[in-house]
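Read off the chains here:
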2 protein chains.
Amino acid sequence: MPTTVALAQINLIVGDIEGNARRVIDCAQRLRGRADLVVFPELTLTGYPPEDLLLRPACDRRVAKALHEIATAAVGITLVVGYPALRDGVRYNVAGVLRDGVVEAEYRKMKLPNYSVFDEPRYFEPGANALVFSQGGTRFGVSICEDIWYDMPVQRAAAAGAQVLLNLNASPFHQGKAAEREKLVAGRAQRFGVAVVYVNLVGGQDELVFDGGSFVTDARGRVRHRAPFFDEGETLVDLQGGVPQPAEIEPFANGEAQAYRALVTGTRDYVRKNGFSSVVLGLSGGIDSALTLAIAVDALGPHNVEAVSMPSRYTADISNLDAAQQAEQMGVAYQSIPIEPAFNAFLEMLSETFAGTQPDVTEENIQARCRGIVLMAISNKRNRMLLTTGNKSEMSVGYATLYGDMAGGFAPLKDVPKLLVYDLARWRNRDGEVIPQRVIDRPPSAELRADQKDSDSLPDYAVLDGILALYVEQDFSVEEIVEAGYDRVQVAQVTRLVDRNEYKRRQAPPGIKITRRAYGRDRRYPIVNRF
Amino acid sequence: MPTTVALAQINLIVGDIEGNARRVIDCAQRLRGRADLVVFPELTLTGYPPEDLLLRPACDRRVAKALHEIATAAVGITLVVGYPALRDGVRYNVAGVLRDGVVEAEYRKMKLPNYSVFDEPRYFEPGANALVFSQGGTRFGVSICEDIWYDMPVQRAAAAGAQVLLNLNASPFHQGKAAEREKLVAGRAQRFGVAVVYVNLVGGQDELVFDGGSFVTDARGRVRHRAPFFDEGETLVDLQGGVPQPAEIEPFANGEAQAYRALVTGTRDYVRKNGFSSVVLGLSGGIDSALTLAIAVDALGPHNVEAVSMPSRYTADISNLDAAQQAEQMGVAYQSIPIEPAFNAFLEMLSETFAGTQPDVTEENIQARCRGIVLMAISNKRNRMLLTTGNKSEMSVGYATLYGDMAGGFAPLKDVPKLLVYDLARWRNRDGEVIPQRVIDRPPSAELRADQKDSDSLPDYAVLDGILALYVEQDFSVEEIVEAGYDRVQVAQVTRLVDRNEYKRRQAPPGIKITRRAYGRDRRYPIVNRF
């Protein structure tokens, strides 16, 4: 008789210990009789990452209580559940094996990541011992996320007799990560001769999106099962003598499809998990707000999205036309509120103070900030979260106005470089026009003064994005970027802008990490910085 | 002949490797002949904390080059300097002993803090070995900051023969920290029978202020020398056979004096190290902006501070009078710009959109945001950093408007609870009125609607601050706060507001940590959080 393992790829909520526990109990009840063993994501009960909630003594108490209740439900089915656990005054990141109504054994995570967005040694001490248990004649080892990126924990599990290694994950998305994971896990499986059941979390949490894509490899590293990406799923796998039986496997989606789904998932979960159901955004007729609108509609439905165009004296007619056209095409509420009355009021109020000065970026910023006030007013009045529409290229060099176009609760494109914004817009139009073609084709402009073009202030986006990727994501020096083929003057300009604009990014709303290194917890730079 | 040790308590700049190296060389040249040995703060060359600059390969290269230049200057004087060092591909937090033109030996920090604002294991591996060297017949051990908070590194140094333990620090201020440090170090000195030379950094870096107050204890734990707080200093100490000779010691200042100097130092350094020389702020006639103005003037001088009052229909006459009076008393530029024209323009622009709705917090926020636009316009036009005036109590419960009164480059009072705002205002008035007495005596109001008082929305500040200290700084649960004597309804309200307003704090400007736990790097909470 085969042993059936269920991969419970579920969308949990950080801090909702009782709610997450109910999800586990529901799974156990639904799967009893169909599966022998259910594996959940890392830190199931707290969600991931719980950050400093882990330092609250009440967190330990509530986890202990929830764990007791789950154990009671672990009858006729074995559950492998993640949670933080204080043992002899030391906190571990634990996977508990719950069987016959009790917590039968606990595995303590050995490798605690301390790079990129991760801070686990802030909260946990590492474990040292393998855990292997038998179920239906198969010997299962237990491991947690980062463990499988190293030989040692896998080797110890194999040495302790594991045929199948369970791996509980909360592995966030970035572009190309899913393939990277499978390749790495396959190599580990092959090297140590264990099948691997890799269970990932799914859903958004602040700046992170967990992409699911749980999978099973056999002991030769062949992927035998794969759960969906970005959706919840319960994948059932039969093991015959510890060997996962082959099944149909969905192929990977392409890069744009994956990135787009990450943005939709991240936006939907951030909005809803914060208790909102709808959003508002400024629709300028430019590419960034056009793509943001498409993402918002795909995330929340057209009836939950409101678009506002806010023209000024510098707004081209086609900007207004294109904005109105896209709003109509997408079926969202739309209105136009010209900002001239407020802009004029501020110019008048400041006329004495600014007497004798020339117009400069000050007046451009006032326009952007008038738009911010209008959008925030609608957000406040209608309880709709304001989405900010800026992209990563702009965030990098500070080509955005604090409290103006940077105002908002969430920034879906925050980690999307401008060239990828275009790629995603074209990809979203693949089955019919959603974003007007002219919006994609026009040269980008902030429209904050007459005849303004982004290219007046910045290098072409192909050059800009190239320099940024090397500087921000790969830590190249100016010298090394020049050696890679970029113009020295442009490299110096761009890297200086990146350094100088950390203060703006520090006040930016959160957005979804999709590159190897996003701004936010992932890149921790000082503001005062003369490097 | 005594051995003379100099404690180089200097104000370094993060990332300015070449500039910091010049400071070290200047010290060496100036002290040659007067001191045998100069001890500098932790990570002298990069400043502290350098954060992810440490991950840039160029950082290692530039540190290596600067170190070589400093070593060349270490002739006729021994320098103990801190820097990050890659050794066999592993990065350590190092104190180098530079003598006779070379780096003679390196000590690797053993204890790497990973709590509060600290992230050292993200960058460094711990060392394991004591380092002791002789100078003029005295045997000096070396240690770095956190090391001395544990027995092990001190014990190893003593076991290796150290008579005097040098301790290089970058120890940030919080209230009461200086006394805590001296007590702890004295205990360690006594326990292991070593004198301690404790050298601290001084000056502000983003949200941290290093308060200096370097000191020397003898092997019985008696404090024999103390450098100034919040100022640079070169304290020279004679050691006779390893015994520091007693000297006059300045007593500690009181709590208000220390906190106020921390705020002044942090504000001055944040403004200047970011390349600004002057600031602008909104002066409302309330206590927060009044204290912020006093801090700004004490930090930068009255000619570098501009105050703007921005009355609306809801502003009391005495608010305008008190603001004007304080501005005049303090000798700062002052103007009044009523916000009614812009406020009316927005109400008009939104009248159709908001038809049939009742005035609510939306209209209050528009007023605050009109003020934000005016202040940011002056900031942009005159290149003056905008100071935000909100306090910790408000930041905690979200009693502030994003992009409105929260707009600004720096928030001096961000970590100052409201009751302490009053204490500091009274303390600043101790030698004559700087803040009009009526500003201190009036009940606080945001003046965003008719007859508004803070107490309409919030518990009395004595209650609010009490609950916040327990919840935010001490991780008490609701239940535990109620047991401590607070009203259950109020506790539930306040803690819920703290949880719900993480999104606002995430977009707040930086401010100076003065409590045990500040918002920012010190308290890492998820925004999506159903705890």
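Scroll up for the structure.
Being a predicted model, the structure only gives us computed values, none of them experimental.

1. Considering the sheet that holds strand β19 (residues 385-387) of chain A
Residues and elements named next belong to chain A. The strand order across the open sheet built from 4 strands is β18-β17-β16-β19, with neighbouring strands paired in parallel fashion. The open sheet has two edge strands, β18 (333-336) and β19, and neither has a second partner. The sheet shows a mean angle of 25 degrees between the axes of neighbouring strands, direction not considered. Across 4 bridges, the pairing between strand β16 (residues 279-282) and strand β17 (residues 305-309) is parallel. Counterpart to valine 279 in the pairing with β17 is valine 305. This element, helix α6 (residues 287-300), spans β16, β17 and β19 of the sheet and lies at about 170 degrees to β16. Helix-sheet contacts for helix α9 (residues 361-382) involve β16, β17, β18 and β19, and the interaxial angle to β16 is about 170 degrees.

2. Description of the relation of the copies chain A and chain B
For the pair of chain copies, the relating transformation is a rotation about an axis with a translation along it. Superposing chain A onto chain B requires a rotation of 180 degrees together with a translation of 0.0 Å along the rotation axis, leaving an RMSD of 0.0 Å. Both copies of the chain, as the preceding transformation shows, are related through a two-fold rotation axis. In terms of proximity to the rotation axis, the leading residue of chain A is Gln507(A), whose C-alpha is 2.1 Å off the axis. When you check the interface residues of chain A against chain B, 100% turn up at the interface there too, and the contact is symmetric in its surfaces.

3. Some words on the interface of chain A and chain B
Across the contact, 86 residues belong to chain A and 87 residues belong to chain B. Counting the surface lost from both chain A and chain B, the interface buries some 7600 Å², and carbon and sulfur atoms represent 57% of this. Considering only the surface of chain A that becomes buried against chain B, Arg56(A), Lys381(A) and Phe531(A) emerge as the three largest contributors, covering 12% of it. In this structure, Arg524(A) engages Asp119(B) in a salt bridge whose closest nitrogen and oxygen atoms are separated by 3.2 Å. Here chain A and chain B share 46 residue pairs in polar contact (both at pLDDT 80 or more) between them. Of all the secondary-structure elements, those providing two or more residues to the side of chain A that touches chain B are α2 (57-73), α5 (255-273), α8 (340-349), α9 and α17 (502-506) of chain A. Ranked by residue count, the leading element in the side of chain A that touches chain B is α9(A), at 14 residues. Here the side of chain A that touches chain B is composed, by residue class, of 45 nonpolar, 16 polar and 25 charged.

4. Remarks on α2(A)
All names here are of chain A. The terminal C-alpha atoms of α2 lie 25 Å apart, and with 17 residues this matches the ideal 24 Å at 1.5 Å per residue to within 8%. Among the residues making up α2, those that are buried are Ala58, Cys59, Asp60, Val63, Ala66, Leu67, Ile70, Ala71 and Ala73. Lining the buried residues of α2 we find α1 (17-31), β3 (78-87), β4 (90-99) and β5 (102-108).

The rules behind the values
- Residues numbered from 1 in each chain as written.
- Chains lettered and ligands numbered in written order.
- Predicted model: local features only at pLDDT ≥ 70, side-chain atom pairs only at ≥ 80, totals over all residues.
- Heavy atoms only, no water.
- Pairing = 2+ DSSP bridges.
- Helix = DSSP H or I, 4+ residues; strand = E, 2+ residues; numbered from the N terminus.
- Axes fitted to C-alpha atoms, helices over the stretch in contact; angles between N-to-C directions.
- Contact = heavy atoms within 4.5 Å.
- Least-squares fit on C-alpha atoms with pLDDT ≥ 70 in both.
- Buried area = accessible area lost by both parts, 1.4 Å probe.
- Salt bridge = Lys/Arg side-chain N within 4 Å of Asp/Glu carboxyl O.
- Polar contact = N/O pair within 3.5 Å; in protein donor to acceptor, adjacent residues only side chain to side chain.
- Nonpolar A, V, L, I, M, F, W, Y, C, P; charged D, E, K, R; others polar.
- Expected span 1.5 Å × (residues − 1).
- Buried < 20%, exposed > 50% of the residue type's maximum accessible area, 1.4 Å probe, protein only.

These figures come from the coordinates and say nothing about function on their own.
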